[in-house]
Amino acid sequence: MSTSGQDQFRSPREKDLADLYRLDHEAFGETDGYTHLVLRQLFDAHRRDFLLLERDGVLCGYALPVLVARENYACLLALAVLPEFQGQGCGRSLLNAAVEQVREAGARRMELVVREKNHVARALYKSYGFQDGELLTDYYGPGNHRFSMSYTMD
């Protein structure tokens, strides 16, 4: 695997769905990854919002920032990086691109939820300037807690 960092962002294509599903499940696991149905629906509804990150030609991560209609904020619905690319700046690169994308579209704030025990992701968001919100117990079902976080844009 190359770590030269030749990063390229692009929009997804229909043929990327299988790779997106694999990436999502490798990053989040079988229980927290999107189902085929949900990923398909997100792709159909928000194709232009997806940010795919390729490093040296390999799809290594994606983000899905979505501007909330008629509001001035966005939700980061997903940010995923393949395990073998974690710790190499891919997450920060995706987060920066996601914030810039919605800022240019008029967002003044971004919100997200993150697994309670995902300390690495929470540290990334905090280092970027996201503020902790509340612990959302049973957010995705019993025992599946999340923290809300928000970022106010300059």
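Residues numbered from 1 in each chain as written. Predicted model: local features only at pLDDT ≥ 70, side-chain atom pairs only at ≥ 80, totals over all residues. Heavy atoms only, no water.

J.: Which parts of the structure should I look at to understand the packing of helix H1 (residues 17-32) against helix H2 (residues 36-46)?
T.: Two elements in contact, H1 and H2, have axes separated by 11 Å at closest approach and are oriented at 125°. Considered as vectors, H1 and H2 are oriented oblique to each other. Crossing angle aside, the handedness with which H1 passes H2 is right-handed. The segment H1 lies against H2, with Leu17, Leu20 and Tyr21 engaging His36, Leu39, Arg40 and Phe43. Taken together, the residues that form the contact of H1 with H2 break down as 5 nonpolar, 1 polar and 1 charged. (Axes fitted to C-alpha atoms, helices over the stretch in contact; angles between N-to-C directions. Helix = DSSP H or I, 4+ residues; strand = E, 2+ residues; numbered from the N terminus. Parallel < 35°, antiparallel > 145°, perpendicular 65-115°, else oblique. Left-handed = near helix turned anticlockwise from the far one by under 90°. Contact = heavy atoms within 4.5 Å. Nonpolar A, V, L, I, M, F, W, Y, C, P; charged D, E, K, R; others polar.)

J.: When you look at the pairing of strand S3 (residues 58-67) in this model, what are you seeing that I'm missing?
T.: Where a strand is regular, its side chains alternate between the two sheet faces. With 8 of 10 residues buried, S3 is to be regarded as a mostly interior element. Pairing between strand S2 (residues 51-55) and S3: 5 bridges, direction antiparallel. Looking at S3, one finds that arginine 55 is bridged to valine 58. In this sheet, strand S4 (residues 73-81) lies alongside S3 in antiparallel orientation, the contact comprising 7 bridges. Bridge assignment links glycine 61 to a residue of S4, and that residue is valine 81. Turn length for the S3-S4 hairpin, with the two strands adjacent in sequence and antiparallel, is 5 residues, and the turn residue arginine 70 shows positive phi of about 60°. (Buried < 20%, exposed > 50% of the residue type's maximum accessible area, 1.4 Å probe, protein only. Pairing = 2+ DSSP bridges.)

J.: Can you help me understand the environment of glycine 143 in this one?
T.: Along the polypeptide, glycine 143 turns up in the loop between strand S6 (131-136) and strand S7 (146-152). Taking C-alpha positions, glycine 143 is 24 Å from valine 81, a pair spaced 62 residues apart along the chain.

J.: Looking at this structure, I do not really get H2. What am I missing?
T.: Counting along an α-helix, one turn takes 3.6 residues, and residues three or four places apart therefore face a common direction. Within H2 the residues assigned to the buried category are Leu39, Leu42, Phe43 and His46. Take H2 and look down its axis: the buried residues cluster within an arc of 100°, on one side only. Residues of H2 that are exposed and point over 90 degrees away from its buried face: His36, Leu37 and Ala45. (Arc of directions from axis to C-beta.)

J.: What's the story with unusual backbone geometry in this structure? I'm lost.
T.: Of note, aspartate 56 is a non-glycine position whose phi angle comes to about 50°, a positive value. One can find aspartate 56 in the loop between S2 and S3. Phi at aspartate 138 is positive, roughly 55°, even though this residue is not glycine. Looking at the secondary structure, you find aspartate 138 in the loop between S6 and S7.

J.: How should the pattern of salt bridges be read in this particular structure?
T.: A full pass over the atoms with the stated rule returns 14 salt bridges. Among the ionic pairs, lysine 126 bridges to aspartate 132, the shortest N-O distance being 2.8 Å. The exposure class of aspartate 132 is partly exposed, given its relative accessible area of 36%. Here the salt bridges share partners, and the residues they tie into one network are Glu14, Arg40, Asp44 and Arg47. (Salt bridge = Lys/Arg side-chain N within 4 Å of Asp/Glu carboxyl O.)

J.: What's the story with the sheet that holds S6 in this structure? I'm lost.
T.: The strands making up a sheet associate through hydrogen bonds between their backbones, and the pairing can be parallel or antiparallel. Strand order in the open sheet made by the 7 strands is S1-S2-S3-S4-S5-S7-S6, with mixed pairing throughout. Both outer strands of the open sheet, strand S1 (7-10) and S6, are each paired with one neighbouring strand and no more. Across the sheet, the mean angle from the axis of one strand to that of its neighbour is 25°, orientation sign disregarded. Across the sheet, H1 is in contact with S2, S3, S4, strand S5 (109-115) and S7; its angle to S3 comes to roughly 75°.

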